[in-house]
Amino acid sequence: MSAPALSLAMLNGHALFTVLDLAGTFAFALSGAAAARERGLDWFGVLVVAFTVACGGGVLRDLCIGAIPPAGLADWRYLATAVVAAVLTMASHGLVERLAHPVVLFDTLGLGLFAVTGAQKALLSGSNGEVAVLMGMVTAVGGGVARDVLLNRVPVILQREIYASAALVGAAIATGGDLLGLESPALTWGAVAACFALRMLSLRYRWNLPRFKRKPRLEDATSRFQREGRADAGDSLSE
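Within every chain, residues take consecutive numbers counted from 1 along the sequence as written. The predicted origin of the model limits local features to residues at a pLDDT of at least 70 and limits the giving and counting of side-chain atom pairs to 80 or more, whereas totals for whole chains, interfaces and linings rest on all residues. Side-chain measures here rest on the full set of heavy atoms in the structure, leaving out hydrogens and waters.

## Structural notes on the packing of aromatic side chains
Each pair of aromatic rings taken from Phe, Tyr and Trp, with Trp reduced to its six-membered ring, is defined by centres within 6.5 Å and is described as stacked if the planes are under 30 degrees apart, edge-to-face if over 60, and tilted in the remaining cases. Under the counting rule described, the total for this entry stands at two aromatic pairs. Judged by centre distance (5.2 Å) and plane angle (45°), the rings of Phe28 and Phe114 are tilted. Placement of Phe28 in helix 1 (residues 3–38) and of Phe114 in helix 6 (residues 102–124) is noted, with a sequence separation of 86 residues between them. Classification of residues uses two cut-offs on accessible area relative to the type maximum, computed with a 1.4 Å probe and protein chains only: under 20% is buried, over 50% is exposed, and between them is partly exposed. With relative accessibility at 0%, the residue Phe28 sits in the buried group. Here a helix means four or more residues in a row that DSSP labels H or I, a strand means two or more in a row labelled E, and each is numbered from the N terminus.

## What to know about a nonpolar patch on the surface
Candidate patch residues must exceed 30% relative accessible area and have no salt bridge, after which like charges are joined if within 9 Å and Val, Leu, Ile, Met, Phe, Trp or Tyr side chains if within 5 Å. Computed by Shrake-Rupley with a 1.4 Å probe, the accessible areas treat only the displayed protein chains as cover when residues are assessed. Salt bridges are defined as contacts in which a side-chain nitrogen from Lys or Arg sits within 4 Å of a carboxyl oxygen from Asp or Glu. Residues Leu47, Leu79, Val83 and Val87 make up a contiguous nonpolar surface patch of about 280 Å² in total accessible area. The leading source of residues in the nonpolar patch is helix 4 (residues 76–91), at three residues. Counting through the fold element by element, Leu47 comes out in helix 2 (residues 43–65). Of the residues examined, Leu47 reaches a relative accessible area of 31% and is grouped as partly exposed.

## Concerning the side chain of Asp21
Along the chain, Asp21 turns up in helix 1. The buried charged residue Asp21 lacks any salt bridge, with Arg61 as its nearest oppositely charged partner at 4.3 Å. Among all residues touching Asp21, those that are not within four sequence positions of it are Arg61, Tyr78, Phe114 and Thr117. Counting rule for charge: Lys and Arg are taken as positive, Asp and Glu as negative, and neither His nor the chain ends is counted. The contact definition used throughout considers only heavy atoms, calling two residues in contact when any of these lie within 4.5 Å.

Printed below as a string of structure tokens:
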């Protein structure tokens, strides 16, 4: 490949990465702002949650791979994107409400975008494939965990839903294609679509990963025995 063609390919790749990263930032900021508004936070609270959700996973990723300072803090475009998304959510609340499950929709879109861009940035920093896949997952789920913690909710990643697994699939597709030399916009968008589709289908059809059956604890058995004993005593007194 000639030098001009190589430079053009690198430019196109960098431009696509930037577009995807900012799109993920926008989607996650929308989900954070919508969730914060549902919780009744004021304007400043909505802005804080939106920015934290949009950039939290990326900041954690950059710290892990040594990309200092993190892009989410050093590049003004990420803050501006998060603020615009939060303002649009507050100003167009009627439109957001008309969307079916807006938080889930925007969160799933951001999940797919960040899973791919997180893996790609880790590869660009010189990380191996395993680290790239893990960083893709961290980038994708970090913002959602921060949102749920700030809003005093059980994080989605700890619930019986396919969430982090979907991010792993998207990151693995993007990483595998890169390692095999199949870099192309089609593969990138395919990885995003795979993550998005897996997450949405799992919600639609209630897919869950296998889980262990909970064993009754000794304390539970003791409490049940005591309750039954008190009930029997009450019946005896009533007789």
